[in-house]
Amino acid sequence: MTSEKFEEQYRRLNKKQKEAVDTIEGPVMVIAGPGTGKTTILTLRIANILKKTDTPPSGILALTFTEAGIKAMRMKLRDIIGTRADEVKIYTFHGFASAVIGEFRDHFVHLDKTKQLIDIEAESFIRNLLEDKKMSDLRPFGNADFYVQKIISAISDSKRESYTPDMVRKFVKEEIKRIKADEDSYSTRGKSKGELKAEFKKKLEKCEKTLIFADLYEAYENKKKVERKIDFDDLISEVVIALKQDELLLRLLQEKFLYILIDEHQDTNNSQNEIIKLLADFFDIPNVFIVGDEKQAIYRFQGASVDNFLKFQNVWKEIKIIRLEDNYRSHQSILDASFSMIENNYADDEYKNLRIKLHAKGKESPKPVDIISGEDTEVTEKYLIDELKKISYKKNTTIAIITKTNRDLERILHRCEVESIPVSSERSIDIFSHPAGALFFDLIEFIYDPTKFDLLAKTLISGLWGLSFDNSVELIKSLKAGKNIELEKKLPILKIIQREFTEDGPLNFIIHLAELTGFQNIIAREPSYMEVWRGIVTLAESIFRESNIQNPRELLNRLVAYKYSAETRSVKISVGTPDLPIRVMTAHASKGLEFDYVFIPYATEESWVGRNWGNYFVLPEIRTINDIKDIRRLFYVAITRARIHAVILFGEKNYSQSLTPLRFIGELNTNYITHTSLNKKEEKKAIITAVTKSNSHAKKCIDYAKSILQESGLSVTALNHFIKCPSEFLYQSILKLPQPLAPLAEKGNAMHTAL
């Protein structure tokens, strides 16, 4: 260990932080709000354990929630203790479960030769099980797939909370009894006097469906065992079950990990908490260090996140609670304005010990949070663009634009692109609704059913088939007029496609179709479109493997059917290089980050709250989607990312739609905000949505290439591609255009599958 490094960083700590670092024995809980230095505390505490005890680095287990969290912790630790940091066991919960299963394979013999269950297979399992007559209530007439995604989601929720099918049944039966026995469930007036109120009738209906769900959940788990498949949530549940039933495995892990540290504990679920408790129970007074902040619980519902803190206080009565009150990120105006808002999540004296008011200890002078409203959304967007142009010229300044939804994120990215403002962003998009994805699915649906001329028209106007714009328009007019047209003469490529349709392999046909129609040329112009294309090819590969498809027609049919039955299919998209000063992200993605300036556009009820979709099944302690307390905490996280200044923007209209200001704005402490109304109708620039300028396209390709090379490095293969042909380097090593399999490769894959 570099003692000087440790001492240097230790001296900078405040009294409470030093207490957290120094208390290395016994259970400790640290309530650490935003900007209170929790990562520093975690790493210095690990260093202090190694300094003051003979514990080996491998005897320390640190659990966090993201790979980014692991990287941040390990890099800080490496700076203090050098390469020994790499021996400390730092994992996500899923990573830890995977490591346990991998290291102690003889204790998980039943998982030998099992394979990961992919999304397509899970959906297929559910559809097959729903064909049983007993499941008919979950297969409604006219939309048999309505519950498929809801069931998969409910199974995942149940596993995360450690609820078995039997536990779900028991809970639901007790809930039915409770509803029927409760006097408040019955109406005392009107036509329904003496009968169950409509609200409770609906709940009983959900209870009946949940009992069917429990049977299906059990059948799903049995089917996975027969097929030797495990899903993502099984990793943790398998380890929990093993630790409860396999005493030797439990002892091996308990004796191995002498110190356990958990970051972001407010977001843990019941399964993850069970792992913590099982490992810690080896000692009467375990060395467990828990860090979290209930106010930042953005992945959990309110009750459970508070319960996480209270649960271990009841389990380990000796637990020491340390409350960090000093914030080194934001100035006092940001802290006081946001604290006033988050206090609305609690009743008067509820959880007083968790509601810590933070004190700014940074160097920034207080400045009110700006609330900017405008006659419409475009006016506030123009204000935001103007502010970005002013601030981005400042050296070493970081800026975040934070939205609630990916839809709003896409909108602000487009505005920045039109204004030539370089930004960095990573987000999930739905390949079915994305322009490139929608175009390709229109294309394959037409190829599958050539009578759908409306879809052909969409592909023509989008630039496929190699026709000029005028010829495309002329052909579309002829199609709409119902004229007899020999398509093969107008579109000679169709003849080649029809031949490939009967002769080509299913996956190769998909690739060749993109090449022949010009789809591949369209997506090659825009790096982000390539991610969508790769997502489509991956989906096709998954369906091909899962369904044993024999010909292209069958694959197209399954792809189109999947598009209509699945709610979404997301892929990650990156824009710009990571070192750009302006980043655009969702509020969930902003967790754990900090910036000099934070802009929160589209702060309306419509964008942030939306509709409350409720739940389709009655499960114990499963949160409701769009719970207002969850969303308030998410907004709190967004505001508290700011160091120097936070700006919240909303328009009163979006085109013809009236918008409602987000209710949380009215909850901010009025002493620490200023409100500016942009009443003057500003001249609005036309937004060009067609083809971007060539220099913009070239810059995107360069930025994308930089981000890929920074992340993955330059392989020998990529270097050879570049030496041979820069275009080949771009298409194969950077954009990674899917390539049709060579005959020998197809033969090899077939032999591998057969063996």
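Undergrad: What should I look at first to understand the overall build of the chain in this one?
TA: Looking only at helices and strands, one finds 31 helices and 20 strands in the chain. With 755 residues in all, the chain has 52% of them scored as buried. The contacts of the chain with a sequence gap of at least 6 include a subset with a gap of at least 24, amounting to 79%. For the chain, the computed accessible surface area is about 36,700 Å², with 51% contributed by carbon and sulfur atoms.

Undergrad: How should the sheet that holds strand S14 (residues 570-575) be read in this particular structure?
TA: The strands that make up a sheet are held in pairs by hydrogen bonds between backbone atoms, and each pair lies either parallel or antiparallel. Spatial ordering of the open sheet is given by S14-S13-S15-S12-S16-S17-S11-S20, a layout of 8 strands whose pairing is mixed. Only two strands of the sheet have a single partner each, and these edge strands are S14 and strand S20 (673-678). Averaged over all adjacent pairs, the angle separating strand axes in this sheet is 20°, with direction ignored. In the sheet, strand S16 (residues 595-600) pairs with strand S17 (residues 642-651) via 5 bridges, with the strands oriented parallel.

Undergrad: Honestly, the packing of aromatic side chains in this entry has me stumped. Any pointers?
TA: Working definition: an aromatic ring pair is given by the centre-to-centre distance plus the angle between the planes. Applying the stated criterion across every chain yields a total of 22 aromatic pairs. An angle of 90° between the planes, with centres 6.2 Å apart, marks the rings of Tyr147 and Tyr616 as edge-to-face. Residue Tyr147 is located in the loop between helix H6 (119-130) and helix H7 (148-160), and its partner Tyr616 is located in the loop between helix H26 (605-608) and helix H27 (628-639); the two are separated by 469 residues in the primary sequence. For Tyr147, a relative accessible area of 9% puts it in the buried group. A connected cluster of aromatic rings, assembled from ring pairs, spans Phe146, Tyr147, Phe213, Tyr217, Tyr616 and Phe617.

Undergrad: When you look at the sheet that holds strand S8 (residues 320-324) in this model, what are you seeing that I'm missing?
TA: Taken in spatial order, the 6 strands of this open sheet run S3-S2-S6-S7-S1-S8, and their pairing is parallel. Looking at the sheet topology across the chains shown, the edges are occupied by strand S3 (89-92) and S8. Strand after strand, the sheet turns through a mean of 15° between neighbouring axes, direction not considered. Across 3 bridges, the pairing between strand S6 (residues 259-262) and strand S7 (residues 288-292) is parallel. Looking across to S7, one finds that Leu261 is bridged to Phe289. Along the sheet face, helix H2 (residues 15-22) touches strand S1 (28-32), S7 and S8 and points at about 145° away from the line of S8. Here helix H3 (residues 38-52) sits on the sheet in contact with S1, strand S2 (60-64), S6, S7 and S8, set at roughly 170° to S7.

Undergrad: Is there a simple way to explain the side chain of Ser424 in this structure?
TA: Along the chain, Ser424 turns up in strand S13 (residues 424-430). Judged by relative accessible area, which is 8%, Ser424 ranks as buried. Setting aside residues up to four positions removed in sequence, Ser424 forms contacts with Val575, Gly576, Thr577, Pro578, Leu580, Ile582, Arg583 and Val584.

Rules behind the numbers
Residues numbered from 1 in each chain as written. Predicted model: local features only at pLDDT ≥ 70, side-chain atom pairs only at ≥ 80, totals over all residues. Heavy atoms only, no water. Helix = DSSP H or I, 4+ residues; strand = E, 2+ residues; numbered from the N terminus. Buried < 20%, exposed > 50% of the residue type's maximum accessible area, 1.4 Å probe, protein only. Contact = heavy atoms within 4.5 Å. Areas by Shrake-Rupley, 256 points an atom, 1.4 Å probe, with all protein chains shown as cover. Pairing = 2+ DSSP bridges. Axes fitted to C-alpha atoms, helices over the stretch in contact; angles between N-to-C directions. Phe/Tyr/Trp six-rings, centres within 6.5 Å; stacked < 30°, edge-to-face > 60°.

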